[in-house]
Amino acid sequence: MCKLMEVLERDNARMDIQLHKVLRMNGGDGHNSYANNSPLQNKVILRVKPILQESIADLYSKNFPDCITMADMGCSSGPNTFLPIWQVIEALDETCRRLNRKPPILQVFLNDLPENDFNFIFKTLPSFHKKLEEEKGSNFGPCFIAAMPGNFYERLFPPHSLHFVYSSYSLQWCSEVPKIPVNKGNIYLAKTSPPSVHRAYLNQFEKDMKAFLSCRSEEIIQGGHMFITIYGRDDNYDDSSHKYTPNMWELLGITLNDMVSEGLIEESKLDSFNIPVYGPSAEELKNLIEAQGSFTINRLETFKVGWVEAMDNPYKDSMDKYKRGKHIASRIRGISESLLAFHFGCEFIDNIFQRFSIKIEEQLELTMDGGNTNHVVSMTKK
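Rules behind the numbers
Residues numbered from 1 in each chain as written. Predicted model: local features only at pLDDT ≥ 70, side-chain atom pairs only at ≥ 80, totals over all residues. Heavy atoms only, no water. Salt bridge = Lys/Arg side-chain N within 4 Å of Asp/Glu carboxyl O. Helix = DSSP H or I, 4+ residues; strand = E, 2+ residues; numbered from the N terminus. Buried < 20%, exposed > 50% of the residue type's maximum accessible area, 1.4 Å probe, protein only. Axes fitted to C-alpha atoms, helices over the stretch in contact; angles between N-to-C directions. Parallel < 35°, antiparallel > 145°, perpendicular 65-115°, else oblique. Left-handed = near helix turned anticlockwise from the far one by under 90°. Contact = heavy atoms within 4.5 Å. Expected span 1.5 Å × (residues − 1). Phe/Tyr/Trp six-rings, centres within 6.5 Å; stacked < 30°, edge-to-face > 60°. Pairing = 2+ DSSP bridges. Right-handed = clockwise from strand over helix to strand, strands pointing away.

(A) Structural context of the pattern of salt bridges. Applying the stated criterion across every chain, the model contains 19 salt bridges. Linking Arg299 and Glu54 is a salt bridge whose minimum nitrogen-to-oxygen distance equals 2.8 Å. Here Arg299, found in strand E6 (residues 295-305), pairs with Glu54, found in helix H3 (residues 49-63); they are 245 residues apart in sequence, far enough to count as distant. On the accessibility criterion, Arg299 (25% relative accessible area) is partly exposed. Classification of Glu54 by relative accessible area gives partly exposed; the value is 39%. With its nearest N and O atoms 2.8 Å apart, the salt bridge here joins Lys359 to Asp258. Residue Lys359 is located in helix H12 (residues 349-366), and its partner Asp258 is located in helix H8 (residues 248-261); the two are separated by 101 residues in the primary sequence. Given a relative accessible area of 26%, Asp258 falls into the partly exposed group. When salt bridges with common partners are traced through the structure, they connect Glu54, Arg299 and Glu301 into a single cluster.

(B) Region of interest: the packing of helix H4 (residues 79-99) against helix H6 (residues 125-136). Relative to each other, H4 and H6 sit at 20°, their axes nearing to 12 Å. With respect to H6, the element H4 is oriented roughly parallel. Relative to H6, H4 is oriented so that their crossing is right-handed. Within the contact between the two elements, H4 uses Phe82, Ile85, Trp86, Ile89, Glu90 and Asp93 and H6 uses Leu125, Phe128, Lys131, Leu132, Glu135 and Lys136.

(C) A look at H3. Over its 15 residues, H3 runs 22 Å from end to end, which matches the ideal 21 Å to within 8%, given 1.5 Å per residue. For H3, every residue scored as buried is listed here: Ile51, Leu52, Ser55, Ile56, Ala57, Leu59 and Tyr60. For H3, the secondary structure elements touched by its buried residues are strand E1 (67-73), H4, strand E4 (162-168), strand E5 (220-232), E6 and strand E7 (372-381). Within two residues after H3, Phe64 carries a phi angle of roughly 50°, on the positive side.

(D) Quick look at the packing of aromatic side chains. A complete count under the given rule lists 12 aromatic pairs for this structure. Ring geometry for Phe152 against Tyr153: centres 4.8 Å apart, planes inclined by 75°, an arrangement best described as edge-to-face. By relative accessible area, Phe152 is classed as buried at 10%. With centroids separated by 5.4 Å and ring planes inclined at 40°, the aromatic side chains of Phe205 and Tyr278 adopt a geometry described as tilted. Of this pair, Phe205 sits in helix H7 (residues 195-219) while Tyr278 is found in the loop between helix H9 (267-271) and helix H10 (282-292), placing the two residues 73 residues apart along the sequence. Tyr278 carries the same exposure label as Phe205, and that label is buried. Through a chain of ring-to-ring contacts, the aromatic side chains of Phe82, Trp86 and Phe128 assemble into a single cluster.

(E) Focus on H4. With 21 residues, H4 ought to run about 30 Å at 1.5 Å a step, and its terminal C-alpha atoms sit 31 Å apart, in line with that. Following H4 by one or two positions, Asn100 adopts a phi angle in the positive range, close to 55°.

(F) Fine view of the pairing of E4. Most of E4 is tucked away, with 7 of its 7 residues classed as buried. Looking at chain direction, E1 and E4 are connected through 3 bridges and run parallel. Note that in E4 the partner of Asp72 across the bridge is Tyr166. Examined bridge by bridge, E4 and E5 share 6 bridges and lie parallel to one another. Bridging across to E5, Leu162 finds its partner in Ile220. Tracing the backbone out of E4, into H7 and back to the parallel element E5 gives a crossover that is right-handed.

Structure below.
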């Protein structure tokens, strides 16, 4: 990773570079990989399975297509890549059994930015097909899986070519870093961020979400379905409340501030860095979808998944706060290392996340794990 970062640094001004050339989850299956550090995303996918099954059953029952074409926008790599596909297969299988019909062929396109570790995905594809053969046999139609690298805020497919679009924990990532006038000492929306920062983040999210909805409205057939799960915030969120608890990005910002105070990182580097993530409220999301006008919302629900709750370690309940802090810090590293290494330098990464784990430990000691707020939206193309 560091060699790639050095090449990018020589060829581009750090944060002026187009984000799609830098942003990616950690590839492979190593200790710091996204594949081994995405249990929270896994819990979110599992939590919304009943709503997904409902969407697939409705889609198939109204059209009975011989082949369903599905696209997963922001597939990343690792076990979570194949989990939604398997859920769709189970939903189709169950629906077809109930209706006494032969299951359709399933064509799946896996989409993410070109720097995504598609090689890792396709190295593990044979085991997915083996599982399909062992558990479904000839009872389920063929399942064809292909990659479609590209920016999902742009057009990716021919008109009216998709029956179903799926996206989980991807649309909170902005297409570019919001145009922020000043957010001194912060790397994200924080309690001390001025209103102009909140507006800049919201403007960027609105621009991106409108582009996503418009592109998908061209690509999805009439009556097709779209299913998205996104990191968000509560509608009644109030950062002035005495119950206010900093989120993980704020804790990471505090960690970087400490390193600035110690002279390890330049202050100008910190002040020029902002995480390109926006967690909308359910109301903001609903208003954007309705204003764009191409989709009818069938379900919109909000739920929480805690960081500790999502830990996949069977001994998590007996873990002390230090081990839990390290586990959670590794989860954030899996999704943010590429950005941090590009901006601050690879040589700081281990130090940043060692310190960050301590901040998380301290926060877990002070407050309960409120977890991430998530929104799930099931909709139909008009």
